[in-house]
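Structure assessment
This is what each chain is made of:
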Amino acid sequence: MIAEDLLERGLGAAAESYEIPPAAVDDLRDQLAPRRPQARRRLAMSRRAWVLSTAAAAVGVIALAVAVGGGPNGGPDSGSSAGKSAGGTAIGSGTASGVNGVAGVPAPAGAGGSAGAAVTGGVAGHDSATGAAAAVPGPSLQQYGASTTDGQSLAGKPARTPAAPAGAGAKVVKTGELDLQVDKGQVAHTLDQISAIATVASGFVAESHTNEGGDPSGSITLRVPVARFEAAVHDVRQLHAKVLSQQTSGVDVTSSYVDLQARIRALVATRSAFERLLARATTIGDTLAVQSRITDVQTQIEQLQGQLRVLDDQSSYGTLTVTVDQKLTPAPPAHHRSGMSAALHRSVDRFVNGIEAIVGILGPLLLVLLLVALAFVVGRVGYRLLRRQLV
Amino acid sequence: MDELDTWLREAYPRAYRTACLLLKVPADAEDAVQEAFLRVWRFRDAIPPGDGRQAWLYRVVVNACLSRLRGDRRWRERAGDEALADLAASADPQRDAEDAALGACLTAALDRLPEHLRVPVVLRYYSGLPEKDIAVAIQRRPGTVKSRLSEARRRLADDPALADWVTLEVAR
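**Digging into the overall build of chain B**
- Looking only at helices and strands, one finds 10 helices and 0 strands in chain B.
- Sequence separation of at least 24 residues holds for 68% of the intrachain contacts in chain B that already meet a minimum separation of 6.
- Accessible area for chain B stands at about 8300 Å²; split by element, carbon and sulfur atoms hold 49% of it.

What follows is the structure, given as structure tokens:
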């Protein structure tokens, strides 16, 4: 039998070759019980960014006022000229004007960029972009697009593709849902038409199912190239069907995409470094340790590449789910009976109920009779046998 | 540092490496251990106090690993004799690499053990679980654990990858 300490030593050495993932415990801890202080820190940083942004904007305003008005003696004209430039540059210009209420001031790096992105987010999905929309910070950096449960309010106004950030192709994941109601017997036909729309838009049907029961319905999920997504939504809306609800959204995943690319590049460089180390390793321990690290890095690269492919797919093809239901058939009005007619129907019902009751009781009654007859026969035979024995 | 932090920092490394020894793939091991911690933490109120949480944690870790092993036979291909091949390629194993070499040999020998023997060996001799906790983890009686450990040690002693080590140990 192998010695226990040899097993412990060997297993310990084998286990040591597996590095503990550096952030695993913290990640797990956050999953089990999210830490609030981090959120506060992020909030605090965000506030600091706002303060910096505001201060930078104020400095810019003063500089502009000096430039336009010719110095501190420029008088009230300097303020008004700054104010006039607000409307012209508030939307999509990458300035901080919409956020801080100060117009025409080129934003500093970072602060201005985020403000510009917020403006873009506010515009997307709405035909009328306003300063109020532009002033929404935070989530609008990532999430924008049209979203409504009232199909009519967006009729003919599909969500606009948000402007791409300068210097990068925007990656936008578009999804949408439509609920349609069609006339009786038209569910299958409508689903066929929707399927044809996907084909025309160079897309495909990802999933489809129909319910052929008494109340037919169906749903179909289309994957359509992002460039033709709005056209496909529009075409579906043009079908002979009532739009009960519509919801479309677009999520900008450009930053995630770029981040993934950067992380993959960094990991590939790390792997190359480890491979060079492996070539120089002279001991078994070194070789095993470096190989283990290469395997780890390779696994991470493959995971990130998988995520990148998913983002690529999602941002190349929008997902549109259409649910088709049939109009409900109105229930027939309750037939009003006269007093005599109602009495007659009641009488017939009660007669039938009486017959049913009699038929229902016949079975048990018959069983009781059979048991009594059996007992009588057994008793009689027994009595005769007993009498013979006595005689 | 609260209870959760303490538990995680104490238990995670060994649980993770236990899963690595069973699965061979760090990413899969991380997933399995993460799943185990999430489940045990979610049902922590129903787990008996004291060492009960550790036994339950390993029970879930083992189940998660086995379900992955049974669903993914790549493990067999991946494990193989890679470690031994590396060892054979080395002409002159040095003293400071002795433990690493033993680990590689033991890993190769463990791969040849059937699953019902391999799991108790890892839990006993790496994770350091007592037999009663291993019984909870693999859902068998303590007597079964004892007999499986004996059988595993007998088989490992006969394994060609470990023959030299056993001889060396006896000589020492």
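**Points about the overall build of chain A**
- A count of helical and extended segments in chain A gives 12 helices and 6 strands.
- Taken across its 391 residues, chain A has 30% of its residues classed as buried.
- Here the contacts in chain A between residues at least 6 apart in sequence split such that 72% fall between residues at least 24 apart.

**As for the packing of aromatic side chains**
- The full count for this structure, using the stated rule, is 3 aromatic pairs over all chains.
- With a centroid separation of 5.6 Å and an interplanar angle of 55 degrees, the aromatic rings of A:Phe204 and A:Tyr317 are classed as tilted. Of this pair, A:Phe204 sits in strand S3 (residues 204-211) while A:Tyr317 sits in strand S6 (residues 317-326), placing them 113 residues apart in sequence.
- Accessibility expressed as a relative area gives 38% for A:Phe204, which makes it partly exposed.
- Joined through ring pairs, the aromatic side chains of B:Tyr12, B:Tyr16 and B:Phe37 make up one cluster.
- When the ring centre of A:Tyr257 is taken as origin, the NZ or CZ atom of A:Lys171, which lies over that ring, is 4.6 Å away.
- The ring centre of B:Trp56 lies 4.5 Å from the NZ or CZ of B:Arg59, which sits over that ring.

**Describing the interface of chain B and chain A**
- Listed by partner, the interface residues are 47 residues for chain B and 37 residues for chain A.
- Summed over both partners, the interface of chain B with chain A comes to about 4000 Å²; 70% of that surface belongs to carbon and sulfur atoms.
- Across the salt bridge formed by B:Arg153 and A:Glu4, the nearest N and O atoms sit 3.5 Å from each other.
- For the interface between chain B and chain A, the tally reads 6 residue pairs in polar contact (both at pLDDT 80 or more).
- Among the elements that make up the side of chain B that touches chain A, the one with the highest residue count is helix H1 (residues 3-23) of chain B (10 residues).
- Split into classes, the residues belonging to the side of chain B that touches chain A amount to 28 nonpolar, 6 polar and 13 charged.

**Notes on the confidence of the model for chain B**
All names here are of chain B.
- Taken as a whole, chain B shows an average pLDDT of 78; of its residues, 79% reach a score of 70 or greater.
- Mean pLDDT in chain B bottoms out at helix H5 (residues 82-89), which sits at 42, and peaks at helix H7 (residues 115-125), which reaches 92.
- Note that pLDDT drops below 50 for residues 74-96; the model gives that stretch 30 contacts with residues more than four away or on any other chain.
- Scored as a whole, the predicted complex attains pTM 0.36, and scored at its interfaces, ipTM 0.79.

**Remarks on the confidence of the model for chain A**
Residues and elements named next belong to chain A.
- Counting all residues, the mean pLDDT for chain A is 70, and 63% of those residues have values of 70 or more.
- When mean pLDDT is compared element by element in chain A, helix H9 (residues 229-237) scores highest at 91, while helix H7 (residues 131-134) scores lowest at 33.
- Long-range and interchain partners of residues 37-47, a stretch whose pLDDT sits below 50, account for 1 contact in this model, where long-range means more than four residues apart.
- Under a pLDDT of 50 for its full length, residues 70-168 has, in the predicted model, 128 contacts with residues more than four places off or in other chains.

**Considerations on helix H8 (residues 131-138) of chain B**
- Considered for burial, the residues of H8(B) that qualify are B:Asp133, B:Ile134, B:Ala135, B:Ala137 and B:Ile138.
- Count one or two residues on from H8(B) and you reach B:Gln139, which has phi positive near 60 degrees.

**A look at the environment of B:Ala104**
- Structurally, B:Ala104 is set in helix H6 (residues 98-112).
- As for B:Ala104 and B:Ala161, which are separated by 57 residues in sequence, their C-alpha atoms are 9.2 Å apart.

**With respect to the environment of B:Asp31**
- Take B:Asp31: it is sitting in helix H2 (residues 26-42).
- Between the C-alpha atoms of B:Asp31 and B:Val61, which are 30 residues apart in sequence, the distance is 9.9 Å.

**Thoughts on the nonpolar core**
- Core analysis: the largest hydrophobic core is formed by 67 residues, its most contacted members being B:Phe37, B:Leu57, B:Val121 and B:Leu162.
- The greatest single-element share of this core, amounting to 12 residues, is contributed by H1(B).
- Those residues in contact with B:Leu162, other than ones at most four positions away along the chain, are A:Ile2, B:Leu102, B:Cys105, B:Leu106, B:Ala109 and B:Leu156.
- With 21 residues, the next largest nonpolar core counts A:Val182, A:Ile194, A:Leu222 and A:Val236 among its residues.

**So, the layout of surface pockets**
- Approximately 630 Å³ is the volume found for the second largest pocket.
- Forming the walls of the second largest pocket are 24 residues, and the residues nearest its centre are A:Pro21, A:Pro22, A:Asp296, A:Gln300 and B:Glu30.
- Of the residues in the lining of the second largest pocket, the class split is 12 nonpolar, 5 polar and 7 charged.

**Let's talk about the side chain of B:Arg17**
- By the secondary structure assignment, B:Arg17 is in helix H1.
- Using a relative accessible area of 12% as the deciding quantity, one classes B:Arg17 as buried.
- Of note is the side chain of B:Arg17, whose polar atom sits 2.9 Å from the backbone oxygen of A:Tyr18.
- Setting aside residues no more than four positions away along its own chain, B:Arg17 makes contact with A:Ala15, A:Glu16, A:Tyr18, A:Glu19, A:Ile20 and B:Tyr126.

Parameters and conventions
Residues numbered from 1 in each chain as written. Chains lettered and ligands numbered in written order. Predicted model: local features only at pLDDT ≥ 70, side-chain atom pairs only at ≥ 80, totals over all residues. Heavy atoms only, no water. Helix = DSSP H or I, 4+ residues; strand = E, 2+ residues; numbered from the N terminus. Contact = heavy atoms within 4.5 Å. Areas by Shrake-Rupley, 256 points an atom, 1.4 Å probe, with all protein chains shown as cover. Buried < 20%, exposed > 50% of the residue type's maximum accessible area, 1.4 Å probe, protein only. Phe/Tyr/Trp six-rings, centres within 6.5 Å; stacked < 30°, edge-to-face > 60°. Lys NZ or Arg CZ within 6 Å of the ring centre and 35° of its normal. Buried area = accessible area lost by both parts, 1.4 Å probe. Salt bridge = Lys/Arg side-chain N within 4 Å of Asp/Glu carboxyl O. Polar contact = N/O pair within 3.5 Å; in protein donor to acceptor, adjacent residues only side chain to side chain. Nonpolar A, V, L, I, M, F, W, Y, C, P; charged D, E, K, R; others polar. pLDDT = per-residue confidence, 0-100. Core = buried A, V, L, I, M, F, W, Y, C linked by side-chain atoms within 4.5 Å. 1 Å grid on protein atoms, 1.4 Å probe; cavity = no way out; pocket = protein on both sides within 12 Å on 5 of 7 lines; lining within 4 Å. Points joined across faces, edges and corners; volume = space filled by probe spheres on them.

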